[in-house]
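Listed below, chain by chain, are the residues.
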Amino acid sequence: MTSHTPADTFPRQYARTLRYTVGAPRSFSVAPDGSRVVFLRSRSGSDRANLLWTLDTATGEERIAADPAVLLGGGEEDLSPAEKARRERSREGSAGIVGYALDAAGRLAAFALSGRLFTADLATGATAELPAEGPLLDPRVSPDGGYVAYANTAGELRLSRTDGTADRALAQPDGPNVTWGQAEFIAQEEMDRDRGFWWSPDGDRLLVERADDTPVRRWWIADPANPEREPAEVAYPAAGTADAEVGLWVFDLDGGRTEVDWDRAAFPYLARVHWSKGGVPLLLVQARDQRSQRILGLDVATGATEVLVEERDEAWLELFPGVPAWTPDGKLVRISDIKEVSEAPQKGGGGRREGGVRALVVGDQAVTGADLHLRSVVAVTDDEVLFTASGGAGETDPEPGWIAVGRISHDGKRLGWESANGRPFTSVTSAVHAAGITVRATAEPDLPGTLVKVARDLPEGVVVDDIATIASYAETPVITARPVFRFAGERRIPAAVFLPTGYDRERDGLLPVLMDPYGGPHGQRVVQAHNPHLNSQWFADQGFAVVVADGRGTPGRGPAWEKSIAFDFAGATLDDQVDALQALAEEFPLDLGRVAIRGWSYGGYLAALAVLRRPDVFHAAVAGAPVTDWELYDTHYTERYLGHPAERPEVYAANSLTGYAAGLERPLMIIHGLADDNVVAAHTLRLSSALLAAGRPHTVLPLSGVTHMTPQEEVAENLLLLQVDFVKRALGA
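These numbers come from a predicted model, not from an experiment.

A. Region of the structure containing the side chain of His708. You can see His708 is positioned in the loop between strand S44 (699–703) and helix H13 (713–731). For His708, a relative accessible area of 8% gives the class buried.

B. Layout of the sheet that holds strand S21 (residues 269–274). The strand order S21-S22-S23-S24 describes an open sheet built from four strands, whose pairing is antiparallel. A single partner strand is all that each edge strand has here, and the edge strands are S21 and strand S24 (305–312). Recorded for the sheet is a direction-independent mean angle of 20° between the axes of neighbouring strands. In this sheet, strand S23 (residues 292–298) lies alongside strand S22 (residues 282–286) in antiparallel orientation, the contact comprising five bridges. Across the sheet, residue Gln286 finds its bridge partner in S23, namely Gln293.

C. Representation of empty space enclosed by the protein in the model. Taken as a whole and assessed by the stated rule, the structure comprises one cavity of 30 Å³ or more. Its boundaries defined by the atoms lining it, the largest cavity holds a volume of some 120 Å³. Lining the largest cavity are 18 residues, with Pro400, Gly401, Gln524, Gly556 and Arg557 positioned closest to its centre.

D. Quick look at unusual backbone geometry. Of note, the amide linkage connecting Gly134 to Pro135 takes the cis form, showing an omega dihedral of -5°. Of the consecutive residues Val323 and Pro324, the connecting peptide bond is found in the cis state with omega at 5°. Its location among the elements puts Pro324 in the loop between S24 and strand S25 (325–326). Residue Ala625 is not a glycine yet carries a positive backbone phi of 45°. Looking at the element boundaries, Ala625 is found in the loop between strand S42 (620–624) and helix H10 (635–642). A residue is classified by how much of its surface remains accessible, and Ala625, at 0% relative accessible area, is buried.

E. Just helix H12 (residues 682–693), in detail. The end-to-end C-alpha distance of H12 is 16 Å, a good match for the 16 Å that 12 residues give at a rise of 1.5 Å each. Taken as a whole, H12 has its buried residues at His683, Thr684, Leu687, Ser688, Ala690 and Leu691. The arc enclosing the buried residues of H12, seen along the axis, measures out at 160°, which places them on a common side. Exposed and oriented more than 90 degrees from the buried face of H12 are Leu685, Leu692 and Ala693. Structurally, H12 contributes buried residues whose contacts are with helix H9 (602–613), strand S43 (668–673) and S44. Note on H12: the residue one or two positions beyond its end, Gly695, has a positive phi of about 75°.

F. Just the environment of Thr9, in detail. As for its position among the elements, Thr9 is in the segment before helix H1 (10–16). Overall, Thr9 belongs to the partly exposed group, its relative accessible area being 39%. Separated by 468 residues in sequence, Thr9 and Pro477 have C-alpha atoms that sit 9.6 Å apart. Beyond its immediate chain neighbours, meaning those up to four positions away, Thr9 contacts Val478 and Glu717.

G. Region of the structure containing the pattern of salt bridges. This structure, assessed with the given rule, holds 42 salt bridges. Arg288 is the partner of Asp243 in a salt bridge, and the nearest nitrogen-oxygen pair spans 3.6 Å. Of this pair, Asp243 sits in the loop between strand S18 (232–235) and strand S19 (245–252) while Arg288 sits in the loop between S22 and S23, and the two are 45 residues apart along the sequence. The exposure class of Arg288 is partly exposed, given its relative accessible area of 22%. Here the residues in one salt-bridge network are Asp313, Asp337, Arg358, Glu562 and Lys563, joined through shared partners.

H. Fine view of the packing of aromatic side chains. Applying the stated criterion across every chain, the model contains 28 aromatic pairs. Between Phe10 and Tyr14, the ring centres sit 4.9 Å apart and the planes meet at 35°, which makes this aromatic pair tilted. Separated by four residues within a single helix, Phe10 and Tyr14 lie in helix H1, roughly one turn from each other. Tyr14 shares its class with Phe10; the two are buried. Taken together, a centroid distance of 6.4 Å and an interplanar angle of 65° make the contact between Phe569 and Tyr605 edge-to-face. One end of the pair, Phe569, is in helix H8 (residues 569–584); the other, Tyr605, is in helix H9, and 36 residues separate them in sequence. Given a relative accessible area of 0%, Tyr605 falls into the buried group. Aromatic rings pair up to connect Trp316, Tyr518, Phe569, Tyr602, Tyr605, Trp630, Tyr633, Tyr637 and Tyr641 into one cluster.

Scoring rules and cut-offs
Think of each chain on its own: its residues are numbered from 1, step by step along the sequence as written. For this predicted model, a pLDDT threshold of at least 70 governs which residues receive local features, and a threshold of 80 or more governs which side-chain atom pairs are given and counted, while totals over whole chains, interfaces and linings are taken from all residues. As a rule here, side-chain values come from all non-hydrogen atoms in the structure, and water together with hydrogens is ignored. Helix and strand assignments come from DSSP, with helices taken as H or I runs of at least 4 residues and strands as E runs of at least 2, each series counted from the N terminus. Under the scheme applied here, a residue whose accessible area is under 20% of the maximum for its type counts as buried, over 50% as exposed, and between as partly exposed, the area being computed with a 1.4 Å probe on protein chains only. Here, any two strands with at least 2 DSSP bridges between them count as paired. Axis definition: a line fitted to C-alpha atoms, over the contacting stretch in the case of helices. Angles run 0 to 180 degrees between N-to-C directions. As defined here, a cavity is a set of points on a 1 Å grid over the protein atoms alone where a 1.4 Å probe fits but cannot get out. A pocket is an open set with protein on both sides within 12 Å along at least five of seven lines, and residues line them when an atom is within 4 Å of a point. Grid points are joined across faces, edges and corners, and a volume is the space filled by probe spheres set on the points. Residue count minus one, scaled by 1.5 Å, sets the expected span of a helix. Each C-beta atom gives one direction from the helix axis, and the arc is the one those directions make. Every residue pair with non-hydrogen atoms within 4.5 Å of one another is taken to be in contact. Just to be clear on terms, a salt bridge is a Lys or Arg side-chain nitrogen sitting within 4 Å of an Asp or Glu carboxyl oxygen. Here the aromatic set is Phe, Tyr and Trp, taking the six-membered ring for Trp, and pairing holds for ring centres within 6.5 Å; pairs whose planes are under 30 degrees apart are stacked, those over 60 apart are edge-to-face, and all others are tilted.

Read these as spatial facts, not as claims about activity.
Structure follows, in structure tokens:
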């Protein structure tokens, strides 16, 4: 890690370094022959422009493979609106090379810069710009290295020869709102699918998404601070309204095409596509209510599909990274919520648990049991599956928040862990595996940043860190986080408590409390790591006891924990914040007469909900970018948890905030970026209007030109300072 500027304050450093992610290595790949690791990293903790790097696994030597400053001749990046939107969907705040793709040999890399197409030969170090009709998106090299396929802002999917001799369109829009080869809004924002085309393993065909967003309602996002600018048109599929129409086609390189056939009326969501060497292509398609889904096998010659697995759940079905996939001998690998595990696989857990188990399934056998909660599949080898997991329901865990990489044989008879510094139970932030090489990024509560190890499999399948550590150039934080982890209350709610640096109970007494949750789906905050807790520690150092609690609905504790919020955001998520607060007050110096709550996005919703519904517990709130009316949020997310608004209007009324406006008794600050196209500013304006109509005073802080990520350095810094000032005044602290 690099040192910080001496005059830095935490808010300034935190904002400038994009939460200390700048300069840290990321986006790892391993060459199929194990000879090199490929990754992205900028030159320092204050330089946002990523370079493409390689690490030689034989020597541990790192080398720059592509430098944006050289390739662009020192010029500035010029990003298209489509690329800016794509980065917003993926919460990408860095610059330079933000993504790349490799050929099957792991030798040739393709990437986009300023909407232009570049390649790098990772063996020779040669780079080249290829002809392309840009601005382009998501270039991907064919497995044989002969072509780069890419989408562009004109809606085309094109092929550029890597020898630089030709560039041509493979598919062109057949309508004004049609795109080929691009993931639609819902896939990018909610399905964790940012791809819209997939090469065949032999490089002779592609699977290509066609998306038509003509049916999607148009919204207009204006910049009130600059009225001379035209409003941005956004096709936003709000709950209860039409989604984009999505189809899939098989293309050969001459332009011949075959449409893929599945029951799109019953299963309109294309959630996953997987095409591995020697295996039938796999599609995972979901019903709109996400309570049923199918894994399909595809005949690429005819476009016909076969149902391999159909799953149903009365609450909803989750999507997971890395699955579905095939084992080399043709067994289907998936992660599934099963009602119970009656027999424990050897060393793999087992037993029974009410509410079910999230298990790894190979073929028709669950190979993990109730002591593990599966998170993702990292890789499938000839005889093992590598995965990430947490500790089941946590009944036997000493502390909450660990995520580890495990590996288990296809039959479930052998289970091992890839340890970090001798500790298997830490927080794994990313992992990749190929050719007997594992790259694993881990974090620990007492270690700033992440530690990235490159390890080689031993013959017996145990991993030791025997190759290299990939250096991080991220800045060292100017403060140190000191989380104290607990399972709070009867429900064992995962929690972390932060006290001011140097706090002395005899001298300082009880402290005003700041609850600092996200508290909703897909937002685990209590993790065995350091940097994710820096923000909470800084608030603590301003004179608060800060509590972060991951109540029901947050990930990592089992299907029953996550799905207990079905059709009811406003109940369990708020109840668990109250229960965690009261349970922790029995051990920590929490002044329950002075309690504030803050949060962003779902956390902003939860913060506003807290002062509206429980003013007896919460005495002030800061709600950042809150969802206040769930009919204004998108289809795939909202309908998964609350159902369709036409079918369950009472659920939407009970879970939206505007209906509770007349109950506001406590100070409330609402913050919203006016350029936010995820949680649009209409959420805050509607709540503010309802509060005004009810005669309830409140504070609104509009942020001109700011999106959901708030990437601007000055804005991010001053937001922290303004929140502290507001909360201190509200609590008399």
